[in-house]
Structure formats: C-alpha cells, structure tokens
Amino acid sequence: MEIAQTIAEFKSWRKRNLGSVGFVPTMGYLHEGHLILVRQAREENSKVSVSIFVNPTQFGPSEDFKAYPRDTERDLALLEKEQVDVVLIPSAEDMYPQGYNTWVEVEKTTERLEGSHRPGHFKGVATVVAKLFNIVEPTKAYFGQKDAQQALVIKKMVADLNMNLEVIVVPTVRESDGLAMSSRNIYLNPQERQAATVLHKALNQAQQLLQKGEKDAELIRQVMTSIITKEPLAAIDYVSIADAQTLEELSQIDRPAIASLAVRIGKTRLIDNTLLT
Ligand code: PAF
C-alpha cells in the first residue's frame, strides 16, 4: 500500500495507475461503515484509493474540529488489511495554501436540514470533495447513506459540474442495537451510548407507521418527536419527513421520502436517516 503525504505524491501514483480507480474519501477514525465502502470499491475497480483528511472548512467555529478523533496508524493498518492500493493523507497547508480563494456552493439541497443547522458545512464539504476528485480522478467514488444529504449534494455537484465519475451511495452500517456507525460514537459515555439508540427507534417507528398505511407526515414527525423527547439525555435539532430527492418537507407521503433526524445526546450531535418504503 502506498501512502501519499502530499497531493504531488498522489498525482505521481495516479500517473502510474491509469486503469479504473475507486475512491473512498474519509476523515479517518475508520469503522466498519468505511470498510464496507472500501470493499465495494475493491470489487468494482482495479485500484482502490482512500483519503484521510479532517477537513477544517466543513466545521463551524463552535464545532468539534480540534476534538475530532484521529488515529492514523490504526486507520492505515485497517486499510492495509483491505488491500487498499493508495492512501492520500494531505496536510491542511497542502489542501488550503495561503491565499486559497475558491469555493463550491451547491444551492437549494444545502439549505435544509444539516445545511440550516450547520451554516457553511456543505460549502466546505463540496469544496474539499471537488478538490479530492480533481486530485484522485476516480472512476467511482463511494459515500455512506448515513450522510444522506451529503450524498445528494455530491451527486448534484457531480451532475451540475459535469464531473467525470460515478457516485455510489452505500447503505448505512449499524451496531447490533441499531445505532448507525459513526466516528463520533466514540464521544458517548455508557449511558449516552444507550440513549443514542433512540434515533434508530424513532426511524423504525416511522417506517412501521408508513407500512401500516399512515401517510400523514406531520403525524409521523410527532410520533418520532415524542419517542425522542421521552429520552432524558436527548435533545432534538430536527425531525424531518422529506422528499427523498429535494429534501422538501412533505405533508403527505405521496412519493419517495426520507425520514431523517439530528439529535444531541449530551454534547454529541448524531444524525441518522431511513428511506421510507
Ligand atoms: O463524510 C465525510 O467523512 C466527509 O464529509 C468527507 C466526505 C470525507 C469530506 O470531508
């Protein structure tokens, strides 16, 4: 496995590897959710590349950029086991040198949900992902369904800017009690870890209500909200039943929809979602 510590080193690897390249962008502190993406990339491409970069521009001033968990040695051991071909670990100075001035903004899809609670977040995500795509020149890039809005934003950016790659969205990987895997789960103490299962419980309930024929989105939001409110350690940022493509809130579930939520468990902010079928 090659490790490229600079953009120039990665580009030199890419010049020597001209076949199909699968790409999994990450912020490190890898878990099974990331490794599933890597395995799918392995199956579908002749080479697999992964980036590890905790991107400062997608964190707000009061968010956890400094505290974000990092363990590059462990990450590299996991990636080596998955037979990854190359890992890009650029520095912030290499990605955003002094005088850096160019940003990618995807409109509309970024205004709701995470976008309205984390101003500037998707501008940082779209910019870094566009830069990584230009550096890596992947054939296919892999993203988790857990960050559903991020996946939609990246797909839209790729379509709108005629980028020459395919975006693949892979189902969320969950712990045995339903909690969606996330690097941020490490922040939870044992009581909070237990309380965090409330996200999945609320989403499950939404799915079940729809399956029983309930189409009233507001009623489903209310049921989800009351499940979360009963958990004393949980505080709601949003509970949403929205159009699965545009993320516009629905009053009736009369088209493909997504239930999503953001909940603070103690100081940790968790998100999760499910496509309503
Ligand atoms: O999902 C993530 O880990 C990040 O948002 C990404 C896509 C690596 C961009 O920094």
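Everything quoted here is computed from the prediction, not taken from an experiment.

Rules used throughout
- Residues numbered from 1 in each chain as written.
- Predicted model: local features only at pLDDT ≥ 70, side-chain atom pairs only at ≥ 80, totals over all residues.
- Heavy atoms only, no water.
- 1 Å grid on protein atoms, 1.4 Å probe; cavity = no way out; pocket = protein on both sides within 12 Å on 5 of 7 lines; lining within 4 Å.
- Points joined across faces, edges and corners; volume = space filled by probe spheres on them.
- Helix = DSSP H or I, 4+ residues; strand = E, 2+ residues; numbered from the N terminus.
- Nonpolar A, V, L, I, M, F, W, Y, C, P; charged D, E, K, R; others polar.
- Pairing = 2+ DSSP bridges.
- Axes fitted to C-alpha atoms, helices over the stretch in contact; angles between N-to-C directions.
- Contact = heavy atoms within 4.5 Å.
- Near = heavy atom within 4 Å.
- Polar contact = N/O pair within 3.5 Å; in protein donor to acceptor, adjacent residues only side chain to side chain.
- Areas by Shrake-Rupley, 256 points an atom, 1.4 Å probe, with all protein chains shown as cover.
- Core = buried A, V, L, I, M, F, W, Y, C linked by side-chain atoms within 4.5 Å.
- Buried < 20%, exposed > 50% of the residue type's maximum accessible area, 1.4 Å probe, protein only.
- Parallel < 35°, antiparallel > 145°, perpendicular 65-115°, else oblique.
- Left-handed = near helix turned anticlockwise from the far one by under 90°.

**Q** I tried to follow the layout of surface pockets on my own but got confused; where do I start?
**A** To find the voids left in a structure, one rolls a probe of water-molecule size over its atoms. In this structure, the second largest pocket occupies an estimated 190 Å³ of space. Every residue along the wall of the second largest pocket is listed here: Gln145, Ala148, Gln149, Ala151, Leu152, Lys155, Val169, Ala244, Gln245, Leu247, Ile258 and Leu275. For the lining of the second largest pocket, the element with the highest residue contribution is helix 7 (residues 148-160), accounting for five residues. Looking at the lining of the second largest pocket residue by residue, the class counts come to eight nonpolar, three polar and one charged.

**Q** What's the story with the sheet that holds strand 2 (residues 21-26) in this structure? I'm lost.
**A** The pairing of strands in a sheet happens through backbone hydrogen bonds and is either parallel or antiparallel. The sheet built from six strands is open, its strands ordered 1-4-3-2-5-6 with parallel pairing. The open sheet terminates on both sides in strands that have one partner only, identified here as strand 1 (2-4) and strand 6 (166-170). Averaged over all adjacent pairs, the angle separating strand axes in this sheet is 25 degrees, with direction ignored. Here six bridges tie strand 2 to strand 3 (residues 47-52), and the two strands are oriented parallel to one another. Among the inter-strand pairings, valine 24 is bridged to a residue of strand 3, identified as valine 50. Its contacts with the sheet place helix 1 (residues 7-16) against strand 1, strand 2, strand 3 and strand 4 (86-88), and it is angled at close to 135 degrees to strand 1. Along the sheet face, helix 2 (residues 32-44) touches strand 2, strand 3, strand 5 (140-144) and strand 6 and points at about 155 degrees away from the line of strand 5.

**Q** So what exactly am I meant to see when it comes to the site of the ligand here?
**A** Around the ligand sit Pro25, Thr26, Met27, Asn55, Gln58, Val128, Val129, Phe143 and Gln150, and those are all the residues in its vicinity. Glutamine 150 is positioned such that a nitrogen or oxygen atom in its side chain is 2.7 Å from an oxygen atom of the ligand. The protein chains hide 88% of the 290 Å² of surface that the ligand would expose on its own. If you list the elements that add at least two residues to the shell around the ligand, you get strand 2 and helix 6 (121-136). When its residues are assigned to classes, the shell around the ligand shows five nonpolar, four polar and no charged.

**Q** Sorry, what's going on with empty space enclosed by the protein here?
**A** Inspection of the entire model under this criterion finds one cavity of 30 Å³ or more. In this structure, the largest cavity occupies an estimated 30 Å³ of space. Looking at the lining of the largest cavity, the element that brings in the most residues is strand 9 (residues 268-276), giving three residues.

**Q** What is the right way to read the sheet that holds strand 9 from this model?
**A** Sheet architecture is open: three strands sit in the order 7-8-9, paired in antiparallel fashion. Each edge of the open sheet is held by one strand with a lone partner, namely strand 7 (234-243) and strand 9. Pairs of neighbouring strands in the sheet enclose a mean axial angle of 15 degrees, with direction left out of account. Pairing of strand 7 with strand 8 (residues 257-265) involves nine bridges; the strand directions are antiparallel. Considered in strand 8, the bridge of alanine 242 is made with isoleucine 258. Running over the sheet, helix 10 (residues 217-229) touches strand 7 and strand 8 and is turned about 160 degrees from strand 7.

**Q** Hey, could you run me through the side chain of arginine 118 in this one?
**A** Its location among the elements puts arginine 118 in the loop between helix 5 (113-117) and helix 6. A polar side-chain atom of arginine 118 sits 2.6 Å from a polar atom in the side chain of glutamate 63. Dropping the residues within four chain positions of it, arginine 118 is found in contact with Gln58, Glu63, Arg184 and Arg269.

**Q** Mind showing me how you'd approach the nonpolar core here?
**A** Across soluble globular proteins, nonpolar side chains show a tendency to be buried alongside one another. Core analysis: the biggest nonpolar cluster contains 32 residues, and Phe10, Met95, Val129, Phe133, Ile154 and Met157 have the highest contact counts within it. Breaking this core down by element, the ones donating at least two residues are helix 1, strand 2, strand 4, helix 6, strand 5 and helix 7. Considering every element that reaches this core, the biggest residue donor is helix 6, with ten residues. In this structure phenylalanine 10 touches Ala4, Ser49, Val86, Leu88, Ile135 and Val136, once residues within four positions along its chain are discounted.

**Q** So what exactly am I meant to see when it comes to unusual backbone geometry here?
**A** Glycine aside, residues mostly have negative phi, and peptide bonds are mostly found in the trans state. Positive phi is not limited to glycine here, since glutamate 137 has a value of about 50 degrees. Even without being glycine, asparagine 162 reaches a positive phi, approximately 50 degrees. Among the structural elements, asparagine 162 can be located in the loop between helix 7 and strand 6. What makes asparagine 162 exposed here is its relative accessible area of 66%.

**Q** Help me understand the packing of helix 9 (residues 197-211) against helix 10 in this model?
**A** Packed helices, taken two at a time, are described by the angle between their axes plus the distance between the axes. Two elements in contact, helix 9 and helix 10, have axes whose closest approach is 9 Å; the angle formed by their N-to-C orientations is 155 degrees. By the angle between their axes, helix 9 is roughly antiparallel relative to helix 10. When the axes of helix 9 and helix 10 are compared, the crossing they make is right-handed. Each of Val198, Lys201, Ala202, Leu203, Gln205, Ala206, Leu209 and Leu210 in helix 9 lies in contact with helix 10, whose residues at this interface are Ile220, Val223, Met224, Ile227 and Ile228.

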